[in-house]
Amino acid sequence: MLQISQMKSLLFIPPKPLPFHQNPNFKKPTIFFSQISRLTHSSGPANPLPRPLSAMNGVIDGRDFTIEDRSSAAAAAPPFGEIHVIVGPMFAGKTTALLRRIQAESASGRRVAMIKSNKDTRYGLDSVVTHDGVKMPCWALTDLSIFKVKMGPEAYNKIDVIGIDEAQFFKDLYEFCCNAADQDGKTVIVAGLDGDYLRRSFGSVLDIIPLADSVTKLTARCELCGKRAAFTLRKTNETQTELIGGSDVYMPVCRKHYVNGQVVIETTRDVLESGKAHCNSALEAATVV
Ligand SMILES: Nc1ncnc2c1ncn2[C@@H]1O[C@H](COP(=O)(O)OP(=O)(O)O)[C@@H](O)[C@H]1O
Ligand SMILES: Cc1cn([C@H]2C[C@H](O)[C@@H](COP(=O)(O)O)O2)c(=O)[nH]c1=O
Ligand SMILES: [Zn+2]
């Protein structure tokens with residue numbers, strides 16, 4: 001008959017293993033893959049799939065793992081880009097800030113290109129120009145999608161940083177920024193109006209905020225009191241959203257002067273319109289007689 005102590009010595013009870021991350025002998029496994037890169041490659045503009053992963057770390061069932069993509073697609077993929085957005089009312093210094101950032105990138109050895117909307121014909125089409133007259137040569141385009149085509153793919157591939165001015169006028173701003181930064185590895189610096197003269201969201205500028213690495217809202221000086229101005233007041237009676245102009249048509253204003261200014265402009269419009277209606281009915285009456 002075996003004693004309990006003898007029975008115990010016959011049994012092998014292995015020691016409880018240490019968790020993986022505490023075990024000094026544990027080496028992080030490396031998994032290589034090449035299929036995923038083929039599945040995730042996409043050049044389509046709408047809702048693009050993520051580009052190939054070059055490396056991914058994670059934990060499954062408490063174990064650390066690293067996945068490395070050694071496929072040629074991952075090796076050829078450019079680094080990821082960035083998106084920086086500069087918004088504010090007119091005369092806030094958006095174009096000035098954009099030009100400074102682009103010049104700083106260029107001075108640090110990166111290749112830059114500047115785009116503006118060809119709707120803005122205020123200072124000609126060959127340059128981006130600030131209200132103070134500082135300029136930089138640019139591509140004046142209807143749509144951002146034609147930039148790659150106009151430049152040619154080889155020249156496009158060489159560019160590191162793209163500046164976009166008057167971004168509120170580009171319908172395809174979201175798709176362009178998404179592809180340029182996520183797929184093509186470009187740094188994109190976007191300047192535009194966040195709001196129109198009625199303080200409504202302007203074009204697609206606010207749509208790209210979720211894509212952005214940074215967002216800067218600049219302010220101007222209220223033309224009526226000198227305080228910070230976050231809004232643009234249209235001084236004329238025109239009501240279309242897009243109306244190209246400078247200080248002849250617009251002025252930067254604080255909240256108080258925006259609200260008061262709108263009342264004055266709307267009242268003036270009503271008076272003029274009722275005056276016109278009055279004139280018209282007087283004319284009609286005169287013609288009948
Ligand atoms: N009410 C104004 N009218 C004309 N120019 C102005 C006015 N307020 C500011 N500015 C000038 O405009 C410059 C900013 O120009 P810019 O960078 O082109 O602005 P934004 O692109 O935001 O319209 C300021 O540095 C200032 O010298
Ligand atoms: C407010 C407002 C502006 N615009 C136009 C007027 C100018 O041509 C540009 C803005 O130029 P800036 O570089 O920011 O000074 O946009 C418009 O069409 N509609 C508006 O409501
Ligand atoms: Zn004011």
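- As annotated in an unreviewed UniProt entry, the protein carries the name Thymidine kinase and comes from Acorus gramineus.
- The Catalytic activity (unreviewed entry) field of the UniProt record for the protein holds the comment "thymidine + ATP = dTMP + ADP + H(+)".

Thoughts on the site of ligand 1
For step 1, the next point in the chain: Close to ligand 1 lie 14 residues; Thr95, Thr96, His131, Asp132 and Glu223 are nearest.
For step 2, the next point in the chain: Measuring from an oxygen atom of ligand 1, one finds a backbone N or O atom of Gly93 at 3.0 Å.
For step 3, the next point in the chain: Computed on the free molecule, ligand 1 has an accessible area of 580 Å², of which 72% lies beneath the protein chains in the complex.
For step 4, the next point in the chain: Among the detected pockets, ligand 1 sits in the second largest pocket.
For step 5, the next point in the chain: Looking at the shell around ligand 1 element by element, the count peaks at 3 residues for helix α4 (residues 94–107).

Topic: the coordination of the zinc ion (ligand 3)
For step 1, the next point in the chain: The protein atoms that coordinate the zinc ion (ligand 3) are Cys222 (SG), Cys225 (SG), Cys254 (SG) and His257 (ND1), at distances of 2.1 to 2.3 Å.
For step 2, the next point in the chain: Each of the 4 donor atoms bound to the zinc ion (ligand 3) contributes to angles spanning 99 to 118°, and the resulting shape is tetrahedral.
For step 3, the next point in the chain: When the donor residues of the zinc ion (ligand 3) are listed from N- to C-terminus, their spacing reads C-x2-C-x28-C-x2-H.
For step 4, the next point in the chain: Cys222 sits in the buried class, given a relative accessible area of 4%.

A short note on the confidence of the model for the protein
For step 1, the next point in the chain: Here the protein shows a mean pLDDT of 82. Residues at 70 or above account for 69%.
For step 2, the next point in the chain: Considering only residues more than four positions removed or in separate chains, one finds that residues 28–49, a stretch of pLDDT under 50, has 43 contacts.
For step 3, the next point in the chain: Both scores are available for the predicted complex, with the pTM at 0.77 and the ipTM at 0.98.

Focus on unusual backbone geometry
For step 1, the next point in the chain: Its identity is not glycine, yet Glu166 carries a phi of approximately 55°, on the positive side.
For step 2, the next point in the chain: With respect to the secondary-structure elements, Glu166 resides in the loop between β9 (161–165) and α7 (173–183).
For step 3, the next point in the chain: The class of Glu166 is buried, set by a relative accessible area of 13%.

With respect to the environment of Ile86
For step 1, the next point in the chain: Relative to the helices and strands, Ile86 is located in strand β4 (residues 82–87).
For step 2, the next point in the chain: For Ile86, a relative accessible area of 0% corresponds to the buried category.
For step 3, the next point in the chain: Distance from Ile86 to Asn157, taken between C-alpha atoms, is 25 Å for residues 71 residues apart in sequence.
For step 4, the next point in the chain: When sequence neighbours within four positions are dropped, the list of residues in contact with Ile86 reads Lys94, Ala97, Leu98, Arg101, Ile189, Val190, Ala191, Gly192, Thr216 and Leu218.

Brief notes about the sheet that holds strand β10 (residues 187–192)
For step 1, the next point in the chain: Reading across the sheet, the 6 strands line up as β8-β5-β9-β10-β4-β11 and stay open at both edges, with parallel pairing between neighbours. Single-partner strands in this sheet number two, and they are β8 (139–141) and β11 (214–217). Mean inter-strand twist for the sheet, computed between neighbouring axes without regard to direction, equals 20°.
For step 2, the next point in the chain: Summarising the sheet, β4 and β11 pair through 4 bridges and their orientation is parallel. By the bridge assignment for β11, Ile86 is matched with Thr216.
For step 3, the next point in the chain: The strands touched by α4 are β4, β5 (112–117), β9, β10 and β11; relative to β9, the strand with the most contacts, the crossing angle is about 170°.

Examining the nonpolar core
For step 1, the next point in the chain: Phe147, Ile164 and Leu173 are the most contacted members of the largest nonpolar core, which has 24 residues in total.
For step 2, the next point in the chain: At the level of elements, β4, β5, α5 (146–151), β9, α7 and β10 are the ones that each hand at least two residues to this core.
For step 3, the next point in the chain: Per-element accounting of this core gives the leading share, 5 residues, to α7.
For step 4, the next point in the chain: The residues touching Leu173, leaving out its near neighbours within four places in the chain, are Leu144, Ile164, Ala167, Val190, Ser204, Val205 and Ile208.
For step 5, the next point in the chain: If you look at the next biggest cluster of nonpolar residues, it comprises 12 residues, including Ala97, Leu99, Val128 and Val161.

Structural notes on the pattern of salt bridges
For step 1, the next point in the chain: The tally for this structure, following the rule as stated, stands at 8 salt bridges.
For step 2, the next point in the chain: One network of salt bridges, with partners in common, ties together Asp120, Arg122 and Glu166.

With respect to the packing of aromatic side chains
For step 1, the next point in the chain: The full count for this structure, using the stated rule, is 5 aromatic pairs.
For step 2, the next point in the chain: Between Trp139 and Phe147, the ring centres sit 6.0 Å apart and the planes meet at 85°, which makes this aromatic pair edge-to-face.
For step 3, the next point in the chain: Here Trp139 falls in the partly exposed class, since its relative accessible area comes to 30%.
For step 4, the next point in the chain: Overall, the relative accessible area of 0% leaves Phe147 in the buried class.
For step 5, the next point in the chain: Seen in terms of ring centroids, Phe147 and Tyr156 are 6.1 Å apart; in terms of plane orientation they differ by 75°. Their pairing is edge-to-face.
For step 6, the next point in the chain: For Tyr156, a relative accessible area of 3% translates into the label buried.
For step 7, the next point in the chain: Members of the aromatic cluster, joined through ring pairs, are Trp139, Phe147, Tyr156 and Phe176.

Procedures and definitions
Residues numbered from 1 in each chain as written. Chains lettered and ligands numbered in written order. Predicted model: local features only at pLDDT ≥ 70, side-chain atom pairs only at ≥ 80, totals over all residues. Heavy atoms only, no water. UniProt positions renumbered as here; feature names shortened; annotations may be inferred. Near = heavy atom within 4 Å. Polar contact = N/O pair within 3.5 Å; in protein donor to acceptor, adjacent residues only side chain to side chain. Areas by Shrake-Rupley, 256 points an atom, 1.4 Å probe, with all protein chains shown as cover. 1 Å grid on protein atoms, 1.4 Å probe; cavity = no way out; pocket = protein on both sides within 12 Å on 5 of 7 lines; lining within 4 Å. Sits in = over half its atoms within 2 Å of the grid points. Helix = DSSP H or I, 4+ residues; strand = E, 2+ residues; numbered from the N terminus. Donors = N, O, S within 2.8 Å, 3.2 Å for Na, K, Ca; no water. Tetrahedral: all angles 85-135°; square planar, octahedral: opposite > 155°, others 65-115°. Buried < 20%, exposed > 50% of the residue type's maximum accessible area, 1.4 Å probe, protein only. pLDDT = per-residue confidence, 0-100. Contact = heavy atoms within 4.5 Å. Pairing = 2+ DSSP bridges. Axes fitted to C-alpha atoms, helices over the stretch in contact; angles between N-to-C directions. Core = buried A, V, L, I, M, F, W, Y, C linked by side-chain atoms within 4.5 Å. Salt bridge = Lys/Arg side-chain N within 4 Å of Asp/Glu carboxyl O. Phe/Tyr/Trp six-rings, centres within 6.5 Å; stacked < 30°, edge-to-face > 60°.

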